Amino acid sequence: MASDDIRALSEELAADPASLAFVPLGEALRRRGDLEVALRVALRGVERHPTRADAHDLLARVAADLGDVERSITEWETVLRLAPGHVGARKGLGFVCFQLGRLEDAAAHLSAALAADPEDGSLSAALQTVQAELAQRGPSPVRATTQVSRHALAEELEAAAAARAALTEQHVRAARPTLGLAAAPGADDDASTLFDDLLEGQRSAAMLLDSDGLVLAGRYVTADGRDLAALIGAQLSGVSDEAGRAMRHLGLGAWTQIVFETEAASVAMAPSREGVMLVAAARPIPLGFVRRVLERALQRASQWLGEGA
Amino acid sequence: MSTAFAPLTESLIRHRGVLGAMVVGLDDGLIVHSTLQIGVNGNAFAALTASLYRKARRSSNAAGFGATGFLELAAEQGRVCTAGGKELVLVVVCESRVNVGLLRVELLRAAEQLP
């Protein structure tokens, strides 16, 4: 993409910060090697459009180019939660798993991508490369070091991104979530309203998530009536995964609660059977209130799961 | 060895139930300065807590909640509390009995002095 095009996209984004021009702009900057600028564009895009898979996909690709494997994995996993059939995310995860020597995972992601796009010859070539590595590895795992397939896959990612950029974008505006239960989609659904009476107000939310970050019960309704439970759950469930990993090395036993404060909300999480209970409350609702709601919601979830078993 | 961060960690370690206080690089998880009781594995707490904080920060941003301030991880046999600046975070390792409310206030106040 020429500099003039980048300038035009930048101007479009400056004129309308909610524009989806950040996707082709970030991609163009990434291809040009302006990774730090591309990262800022992608981060702002994700913040403004948290429910858009292509925003997270852009951030994942920029992170991968910056060598931030952890973030790229997180973002591509988010893409798959938002759009389970997303071929670009499968390819990206295939690439990073290959880089990490997780050959079985790489093969699984690439196979899924190939199943979705069987005409893609270079994708099948990449899968063959991974399978050949797997065959060579034998019984003892060996960390993959070659960069050849990375470049092959990177080209594929760029091709997929170009195709996406060419598509007509659907303009969906998604502002920062503002908690509120004014409108109540799914109000008749027992699972979605399971914790409503515990919240004692209209600026907090409670959700029960399974081990994959999918919502089992509860809801997160914004002030304008949208239920963002799936998105919020998918994003925040990763924190509990990280805590679980940390606890294996710290010698403090199992984790029982995570609490953190952000600009917009106080969040509390606790393990619940095989999943996680999550409570979020808009600031400045006190942290102590959030923890109390969490404890009561955990009891409610336990009863509900018991009844469901 | 005393550094510019010594007053921060020393003010935190005085709290009842606090076993260690560290200033840690957010990106690399390495200790910049620490005041630890004997037997506390500072390196492990620093690395893993910085990683958890990074994860919470990214997840919070992605969820649209904005920047992360105070974070507490409670476990069966203790707690870890952290709060940070852009480059460094303060990590406090403590027993379960610690007064979290008081520690939170001190931690946030101390974190304001981090770059």
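Residues numbered from 1 in each chain as written. Chains lettered and ligands numbered in written order. Predicted model: local features only at pLDDT ≥ 70, side-chain atom pairs only at ≥ 80, totals over all residues.

1. Here we look at the overall build of chain A
Applied cut-off: Under the DSSP-based scheme used, a helix requires at least four consecutive residues in state H or I and a strand at least two consecutive residues in state E, with every element numbered from the N terminus. Put plainly, a residue is buried at 20 or more neighbouring C-beta atoms within 10 Å of its own, exposed at 12 or fewer, and partly exposed in between, counting only other residues' C-beta atoms, which are placed from the backbone. Whether two residues are in contact depends on their C-beta atoms, placed from the backbone: they are in contact if these lie within 7 Å.
Counting its secondary structure elements, chain A contains 11 helices and 5 strands. Looking at chain A as a whole, 47% of its 309 residues are labelled buried. At a minimum sequence separation of 6, the contacts of chain A that also span at least 24 residues come to 52%.

2. Focus on the nonpolar core
Basically, it comes down to this: Core membership is restricted to buried Ala, Val, Leu, Ile, Met, Phe, Trp, Tyr and Cys residues, and these are joined into a nonpolar core through C-beta atoms within 7 Å. Boundary definitions for the domains trace back to an automatic or database domain assignment.
Of all hydrophobic cores here, the largest spans 131 residues; its most connected members are Leu278 and Val279 of chain A together with Leu90, Val91 and Val92 of chain B. In terms of residues, this core owes the most to one element, helix 10 (residues 229-250) of chain A, which gives 10 residues. Counting contributing residues per domain, this core is built from domain 1 (3-166) and domain 2 (196-308) of chain A, each supplying no fewer than three. If near-sequence neighbours (up to four positions away) are discounted, valine 91 of chain B is found in contact with Met22, Val24, Phe45, Ala46, Thr49, Val80 and Thr82 of chain B.

3. Notes on the pairing of strand 2 (residues 215-219) of chain A
Residue and element names in this part refer to chain A. As a reminder, the rule being used: A pair of strands is treated as paired once DSSP finds two or more bridges between them.
Of all 5 residues making up strand 2, 5 are buried, and the element is well covered by its neighbours. In this structure, strand 1 (residues 204-209) lies alongside strand 2, joined through 4 bridges in antiparallel fashion. Pairing of leucine 209 across the sheet is with valine 215, part of strand 2. Here strand 1 folds back onto strand 2 in antiparallel fashion, the turn holding 5 residues, of which glycine 213 has a positive phi close to 80 degrees.

4. A short note on helix 2 (residues 42-62) of chain B
We apply this condition: To estimate how far a helix should extend, the number of its residues minus one is multiplied by 1.5 Å.
Between its first and last C-alpha, helix 2 of chain B extends 30 Å over 21 residues, near the 30 Å set by a 1.5 Å rise per residue. Positive phi appears at glycine 64 of chain B, one or two residues downstream of helix 2 of chain B, with a value of about 85 degrees.

5. A closer look at the sheet that holds strand 4 (residues 265-272) of chain A
The criterion, for reference: Lines fitted to C-alpha atoms define the axes here, with helix axes fitted over just the stretch in contact, and angles between the N-to-C directions of these axes take values from 0 to 180 degrees.
An order of 2(A)-1(A)-5(A)-4(A)-3(A)-3(B)-4(B)-5(B)-1(B)-2(B) is seen for the 10 strands of this open sheet, with the pairing classed as antiparallel. Sheet topology places strand 2 of chain A together with strand 2 (31-36) of chain B at the edges, where each strand pairs with a single neighbour. Averaged over all neighbouring strand pairs, the angle between strand axes comes to 10 degrees, with direction disregarded. Sheet contacts for helix 1 (residues 6-13) of chain B: strand 1 (18-25), strand 2 and strand 5 (88-94) of chain B; angle to strand 1 of chain B, the most-contacted strand, approximately 155 degrees. Across the sheet, helix 3 (residues 100-111) of chain B is in contact with strand 3 (68-75), strand 4 (78-84) and strand 5 of chain B; its angle to strand 4 of chain B comes to roughly 30 degrees.

6. A look at the interface of chain A and chain B
What counts is decided by this rule: Three classes are used: nonpolar for Ala, Val, Leu, Ile, Met, Phe, Trp, Tyr, Cys and Pro, charged for Asp, Glu, Lys and Arg, and polar for all others, with Gly counted as polar.
Between chain A and chain B, the contact holds 34 residues from the first and 28 residues from the second. Counting only elements with at least two residues in the side of chain A that touches chain B, the list comes to helix 3 (35-48), helix 5 (69-82), helix 10 and strand 3 (255-262) of chain A. Counting residues per element, the side of chain A that touches chain B draws most heavily on helix 10 of chain A, at 12 residues. Counted by class, the side of chain A that touches chain B contains 19 nonpolar, 9 polar and 6 charged residues. Both strand 3 of chain A and strand 3 of chain B contribute to a ladder of 6 bridges, which runs antiparallel. Following the sheet pairing, tryptophan 255 of chain A is matched in strand 3 of chain B by alanine 75 of chain B.

7. A closer look at the environment of arginine 102 of chain A
By the secondary structure assignment, arginine 102 of chain A is in the loop between helix 6 (87-99) and helix 7 (103-116). Note: C-alpha distance between arginine 102 of chain A and leucine 134 of chain A (32 residues apart in sequence) is 9.6 Å.

8. Overview of the confidence of the model for chain A
All names here are of chain A. Using the following cut-off: pLDDT gives the predictor's per-residue confidence on a scale running from 0 to 100.
Here chain A shows a mean pLDDT of 77. Residues at 70 or above account for 79%. Between the elements of chain A, mean pLDDT differs from a low of 44, seen in helix 9 (residues 148-166), to a high of 94, seen in strand 3. Low confidence marks residues 159-176, where pLDDT is under 50. Its contacts with residues over four positions away, or in another chain, come to 20 contacts.

9. Looking at helix 1 of chain B
Residue and element names in this part refer to chain B. Going by this rule: As used here, the arc is the angular range of directions from the helix axis to the C-beta atoms.
Residues of helix 1 that are buried include every one of Leu8, Thr9 and Leu12, and no others. Buried residues along helix 1 cover an arc of 90 degrees about the axis, so they all sit on one side. Contacts from the buried residues of helix 1 go to strand 1, strand 2, strand 5 and helix 3.

10. Describing the pairing of strand 4 of chain B
When a strand is regular, its side chains alternate between the sheet's two faces. Residue and element names in this part refer to chain B. Along strand 4, 7 of the 7 residues are buried, which leaves the element largely enclosed by surrounding structure. Of the two faces of strand 4, the one lined by Gly78, Val80, Thr82 and Gly84 and the one lined by Arg79, Cys81 and Ala83 are each fully buried. Looking at chain direction, strand 3 and strand 4 are connected through 5 bridges and run antiparallel. When the sheet's bridge partners are listed, alanine 74 is paired in strand 4 with arginine 79.

11. A look at the packing of helix 1 (residues 3-15) of chain A against helix 2 (residues 22-32) of chain A
Packed helices, taken two at a time, are described by the angle their axes make and the gap between the axes. All names here are of chain A. Test applied: Orientation labels follow simple angle bins: below 35 degrees gives roughly parallel, above 145 gives roughly antiparallel, 65 to 115 gives roughly perpendicular, and whatever is left gives oblique. Each crossing gets its hand from how the near helix is turned against the far one by less than a right angle, where anticlockwise is left-handed and clockwise is right-handed.
Where helix 1 contacts helix 2, the axes come no closer than 9 Å and their chain directions differ by 140 degrees. Of the possible angle classes, the one that applies to helix 1 and helix 2 is oblique. As for the relative orientation of helix 1 and helix 2, their crossing is left-handed in sense. Touching Asp5, Ile6, Leu9, Ser10 and Leu13 of helix 1 are Phe22, Pro24, Leu25, Ala28 and Leu29, all from helix 2.

12. What to know about the packing of helix 10 of chain A against helix 2 of chain B
The contact between helix 10 of chain A and helix 2 of chain B brings their axes to 8 Å, and the two run at 175 degrees. As judged from the angle between their axes, helix 10 of chain A and helix 2 of chain B are roughly antiparallel. The segment helix 10 of chain A lies against helix 2 of chain B, with Gln235, Leu236, Gly238, Val239, Glu242, Ala243, Ala246, His249 and Leu250 of chain A engaging Ala44, Phe45, Leu48, Ser51, Leu52, Lys55, Ala56, Ser59 and Ala62 of chain B.

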